[in-house]
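# Summary of the model geometry
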Amino acid sequence: MESGENQRPWRVKPELPFVLFLIVVLIAYVGMLVLMVGANVLTVSWEDIGNVLRDADIQRSIKLTIVTCTATAIFSVLVAVPLAYLLSRYQFRGRAFIDTILDIPILLPPLIVGLSLLILFNRVSPSTCCWMMAGGLCLAACVGCIWRVKGSGRSMIPRALLFIGGVFAVAAVLIRGSGSLEEVTSGLGLPMTFHPLGIVLAQFPVAAAFAVRTMRTTFDQISPRYEEVAMTLGCHRGQAFTRVVLPLAGKGMVAAGTMAWARSLGEFGPVLIFAGATRGRTEVLATSVFLEINIGNLPGAAAISLLMILLAVAILMLVRFFVGRGGAI
Amino acid sequence: MLEVKDLTVRVGGFKLSDFSLSIDEGECVALMGPSGCGKTTLMEAVCGLRSGGVLSGRIFLGGVDITNLPPGARMIGLVPQDIALFPTLTVREQLEFGPKLHRWDRDEMRDRVEGLASDLGLEQLMERLPKGLSGGEARRVALGRALALRPRLLCLDEALTGLDEARHDEVLQVIREMIEREGVTALHVTHSRREADAIADRVVVMG
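Reading guide: rules and limits
Residues numbered from 1 in each chain as written. Chains lettered and ligands numbered in written order. Predicted model: local features only at pLDDT ≥ 70, side-chain atom pairs only at ≥ 80, totals over all residues. Heavy atoms only, no water. Helix = DSSP H or I, 4+ residues; strand = E, 2+ residues; numbered from the N terminus. Buried < 20%, exposed > 50% of the residue type's maximum accessible area, 1.4 Å probe, protein only. Contact = heavy atoms within 4.5 Å. Areas by Shrake-Rupley, 256 points an atom, 1.4 Å probe, with all protein chains shown as cover. Core = buried A, V, L, I, M, F, W, Y, C linked by side-chain atoms within 4.5 Å. Buried area = accessible area lost by both parts, 1.4 Å probe. Salt bridge = Lys/Arg side-chain N within 4 Å of Asp/Glu carboxyl O. Polar contact = N/O pair within 3.5 Å; in protein donor to acceptor, adjacent residues only side chain to side chain. Nonpolar A, V, L, I, M, F, W, Y, C, P; charged D, E, K, R; others polar. Pairing = 2+ DSSP bridges. Axes fitted to C-alpha atoms, helices over the stretch in contact; angles between N-to-C directions. Patch = residues over 30% accessible without salt bridge, like charges linked within 9 Å, V, L, I, M, F, W, Y side chains within 5 Å. Expected span 1.5 Å × (residues − 1). Phe/Tyr/Trp six-rings, centres within 6.5 Å; stacked < 30°, edge-to-face > 60°. Parallel < 35°, antiparallel > 145°, perpendicular 65-115°, else oblique.

When helices and strands are counted, chain A shows 16 helices and zero strands. The buried share of chain A, reckoned over its 329 residues, is 39%. Restricting the contact set of chain A to residue pairs at least 6 apart, pairs at least 24 apart contribute 77%. Accessible surface for chain A amounts to roughly 18100 Å². Of this, 72% is attributable to carbon and sulfur atoms.

Okay, here's the thing in structure tokens:
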């Protein structure tokens, strides 16, 4: 007790510079963010905000932003759930490689995502796409990239890859023709390039990558023991997933969806390149800012920015609410 | 009843080699051994949870080779170390989980679940979620869930770990009574000699 009292002043004093350092870093970073938002606020008057909200083009832009972000978030979660479950629960060769590929949309410059989509849809034919898929899948199967899945048949995955690769090869032979992917989708009534549908496609790669990350963390937090017990009670793996894991992953799915929604809200480069920035047609809030700056309306651009900041903060608070209360469960 | 013949299982970097074990019908065997000797691996292999890791050997249950059967077809009840009650299901839903999957008749399922609830003293807890249960109650629910399908073998993997002494003895007593009442063959993994002597007809030491 006595020695504890003697040590007390020494416990506090050496910590002080370190704590001060932490506080300085906190103030520097948070201060920068607050200043950025503050600068926007100072540039904008109530009149500017009123003008922006009354503008028919901006109203359409807000509606299109909400619709496309919601669609992208839904598609992202639909893709993220099975993909993240696969990566979380199965051990197979090439998993690290697939993990890296899934991060590529996050790391790539956004313009390149848009440019790649533009080239894919306008310079590559469907049969070439099918041949590329068939080649990639057969290569993965033959090289034994994914060789053995724990808890499953040893040759199940390579066989499945070969089968799907074969389906793509047959499709490539059947499709033939020299038209681009865009011509085919347009023929089916689903034009993509410089069309509102293209906005969803442009937002999707990055949003889905974030959703996969979120869902992966969620599934990693759920003990595989639940599925094992469910399997001893008569579930097959699919039933264990739907009856036991999915109900536990509900909040994670909401978090993944809101994360994908927030990412889609800020997506600009791919949308600009692939869907364009046609006023009143393919204009979302991010492109609205760009268009307002282009016509020299800085207060208008700042007002739209403020609107986006408010939306982003609301979404982030939702994520914090769900993830902060246990995330997975 | 259960016969494990020259079983070799690999899980990650761990390998259980050429292990054999025989348990008679209605017998309760306690499996003891130092940490890392492969008790849980053996139990998981018997339950069919590590079938991809079985390198050689066979597992027979009631004379039937179950080595390659999926876990759900083995009719083995498992109470894992971490209990693993499904967090979103009430006690009633936990007990009904297996019978519902096996499409039991509604009346038969109700009788079975109410019988188990009565035997395990769970009547007042049926609508509670796992987060509202004490350690001893959670173990009784896990035992009921494992027994609901009337399994041929009951596997208990250090199911009493983490309980204080009073709860430990109470749950141990419940397990012993249920094994006798159900007439089920049991394999009980434990570190405690006292627990093994109290519950088992025979003690097998691994490693």
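It is worth spelling out the nonpolar core at this point. Counting residues in hydrophobic clusters, the biggest one holds 122 residues, and the most contacted among them are A:F219, B:L42, B:L143 and B:L154. Ranked by the residues each element gives to this core, the list is headed by helix α4 (residues 56-89) of chain A, at nine residues. With residues up to four places along the chain from it excluded, the contact list for B:L143 reads B:V79, B:L120, B:L154, B:L156, B:V174, B:I175 and B:M178.

Across the contact, 25 residues belong to chain B and 21 residues belong to chain A. Around 2000 Å² of area is buried between chain B and chain A when both sides are counted, 65% of it from carbon and sulfur atoms. Summed over the shared surface of chain B and chain A, the number is three salt bridges. Across the pair A:R225 and B:D82 runs a salt bridge whose closest N-O atoms are separated by 3.8 Å. Inspection of the region where chain B meets chain A yields three residue pairs in polar contact (both at pLDDT 80 or more). Going through the elements one at a time, α1 (39-47), β6 (76-79) and α2 (91-101) of chain B are the ones with two or more residues in the side of chain B that touches chain A. At three residues, α2(B) tops the list of elements feeding residues into the side of chain B that touches chain A. When its residues are assigned to classes, the side of chain B that touches chain A shows 14 nonpolar, seven polar and four charged.

Okay, the sheet that holds β6(B) next. Residues and elements named next belong to chain B. Spatial ordering of the open sheet is given by β6-β7-β8-β3-β9, a layout of five strands whose pairing is parallel. At either margin of the open sheet sits one strand with a lone partner, and together these are β6 and β9 (202-205). Strand-to-strand twist in this sheet, taken as the mean axis angle between neighbours without regard to direction, amounts to 20°. Sitting on the sheet, α1 is in contact with β3 (28-32), β6, β7 (153-157) and β8 (185-189), with an inclination near 150° to β7.

Moving on, we get to a nonpolar patch on the surface. Judged by side-chain polarity, A:L16, A:F18, A:V19, A:L20, A:F21, A:L22, A:I23, A:V25 and A:I27 come together as a nonpolar surface patch covering roughly 850 Å² of accessible area. Summarising the element assignment, A:V19 is placed in helix α2 (residues 15-43).

What follows concerns helix α5 (residues 95-107) of chain A. All names here are of chain A. Under the 1.5 Å per step criterion, the end-to-end length of α5 is 18 Å for 13 residues, consistent within 8% with the ideal 18 Å. Within α5, the full set of buried residues consists of R95, L102 and P105. In this fold, the buried residues of α5 make contact with α4, α6 (110-123) and α10 (196-221).

Residues and elements named next belong to chain A. Applying the stated rule across the entire model yields six aromatic pairs over all chains. Relative to F219, the ring of Y85 has its centre 5.5 Å away and its plane inclined at 80°; by these criteria the two rings are edge-to-face. Placement of the pair is Y85 in helix α4 and F219 in helix α10, with a sequence separation of 134 residues. Aromatic side chains F219 and F241 sit 6.2 Å apart centroid to centroid with 55° between the ring planes, which places their arrangement in the tilted category. Here the residue F219 occupies a position in helix α10, and F241 occupies one in helix α12 (residues 237-248), the gap between them amounting to 22 residues. Given the relative accessible area of 0%, F219 is considered buried. On the basis of relative accessible area, F241 is assigned to the buried category, the value being 16%.

Attention shifts here to the pattern of salt bridges. All names here are of chain B. Applying the stated criterion across every chain, the model contains 25 salt bridges over all chains. Its salt-bridge partner being R50, residue E44 comes within 3.0 Å of it at the nearest N-O pair. Judged by its relative accessible area of 9%, E44 is buried.

Attention now moves to the packing of helix α3 (residues 106-120) of chain B against helix α5 (residues 165-182) of chain B. Residues and elements named next belong to chain B. Axis separation between α3 and α5 bottoms out at 11 Å; the angle between their running directions is 140°. Put simply, α3 runs oblique to α5. Between α3, through R112, L116, D119 and L120, and α5, the contact on the second element is made entirely by V174, M178, R181 and E182. Across the contact of α3 with α5, the residue classes tally to four nonpolar, no polar and four charged.

Now for the sheet that holds strand β2 (residues 14-23) of chain B. Strand pairs in the sheet, formed through backbone hydrogen bonds, run parallel or antiparallel to each other. All names here are of chain B. Reading across from one edge, β2-β1-β4-β5 is the order of the four strands in this open sheet, with antiparallel pairing throughout. Whereas interior strands pair on both sides, the edge strands pair on one side only; in this sheet they are β2 and β5 (64-65). Note: strand β1 (residues 2-11) against β2, seven bridges, orientation antiparallel. What sits directly across from R10, in β2, is K15. Set on the sheet, α1 makes contact with β1, β2 and β4 (54-61); between it and β1 the angle comes to about 115°.

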